[in-house]
Amino acid sequence: GLPWHIYMPIINWQHHSVMFEIAWCVLLYFSVLILEFGPVILEHPWFGKPVFQKLYHFLKAATIPLVILGIVLSTLHQSSLGSLFLIMPHRVHPLWYSAWIPVMFFLTAIAAGMLALIVEGFIAKSLFGRGFHGELYQRLGKMAGIVLLLYLGLRLGDLTLRGVLPQAIDGSWQSILFLGEIVLGGLTPAILLLTPEIRSKPAGLLSAALLGAGGVV
């Protein structure tokens, strides 16, 4: 609850803490993202001086290592966020708690990333008139649908094995939220994204991407 203390793990090391790992992963991942995005900023005429141009060429040459590092760090910090909930089962409803929650966080992050790219593509086309890469977005949508189904299979299988799946239909407000998340935010967009006729139409692709991204949130 004190995000302005994010610098404290740099000073006070507590390697037994899950929050310590999360903080370091987020700090390092954010730093890598700044370096990855740096060339875009340095293309502006404000940064025409030789020192900035040298930095620009260095960052461009380091793109592939930075991308690899970013993927590794994102894997760590997405799963670590799940681990934070893993250590406090008394604070999480049984329909959402699971020993596999770090894996589920990672899977949903993969799906959300691809769905967010699709939504951003539509926004860029609408606001800035940028070229719309329809075939690329359709392939992303198909992969996101597969990941969503994989996540749903793991989620429902885990609930079944733990014997808490009946709580999903007990009429409580938690069960209503759960069914809404699974059906509207998981199963429906997965089916839409894996249906070629729907995925090939901009309206269908955008609707499925919005549902899937909302379900992950």
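The coordinates are above.
Keep in mind that this is a model prediction, so the values were computed, not measured. (Residues numbered from 1 in each chain as written. Predicted model: local features only at pLDDT ≥ 70, side-chain atom pairs only at ≥ 80, totals over all residues. Heavy atoms only, no water.)

A. Representation of the nonpolar core in the model. Residues L115, I118, L148, L193 and L205 are the most contacted members of the largest nonpolar core, which totals 16 residues. For this core, the secondary structure elements donating two or more residues are α5 (101-128), α6 (134-162), α7 (173-193) and α9 (202-216). Considering each element in turn, this core owes the most residues, six residues, to α5. Ignoring any residue separated from it by four or fewer positions in sequence, one finds L205 in contact with I118, F122, Y137, Q138, G141, L193, I198 and R199. M104, Y151, V164 and I182 belong to the second largest nonpolar core, which has ten residues in total. (Core = buried A, V, L, I, M, F, W, Y, C linked by side-chain atoms within 4.5 Å. Buried < 20%, exposed > 50% of the residue type's maximum accessible area, 1.4 Å probe, protein only. Helix = DSSP H or I, 4+ residues; strand = E, 2+ residues; numbered from the N terminus. Contact = heavy atoms within 4.5 Å.)

B. Here's a closer look at the packing of helix α2 (residues 18-42) against helix α3 (residues 50-61). Closest axis-to-axis distance for the α2/α3 pair is 9 Å, and the angle between their directions is 135 degrees. On the basis of the axis angle, α2 is oblique to α3. Once α2 is placed against α3, the crossing between them reads as left-handed. Residues L35, G38, P39 and L42 of α2 touch α3, and the partners they reach there are F52, Q53, L55, Y56, L59 and K60. By residue class, the composition of the contact of α2 with α3 is seven nonpolar, two polar and one charged. (Axes fitted to C-alpha atoms, helices over the stretch in contact; angles between N-to-C directions. Parallel < 35°, antiparallel > 145°, perpendicular 65-115°, else oblique. Left-handed = near helix turned anticlockwise from the far one by under 90°. Nonpolar A, V, L, I, M, F, W, Y, C, P; charged D, E, K, R; others polar.)

Everything listed here is a matter of coordinates, which is why it stays silent on function.
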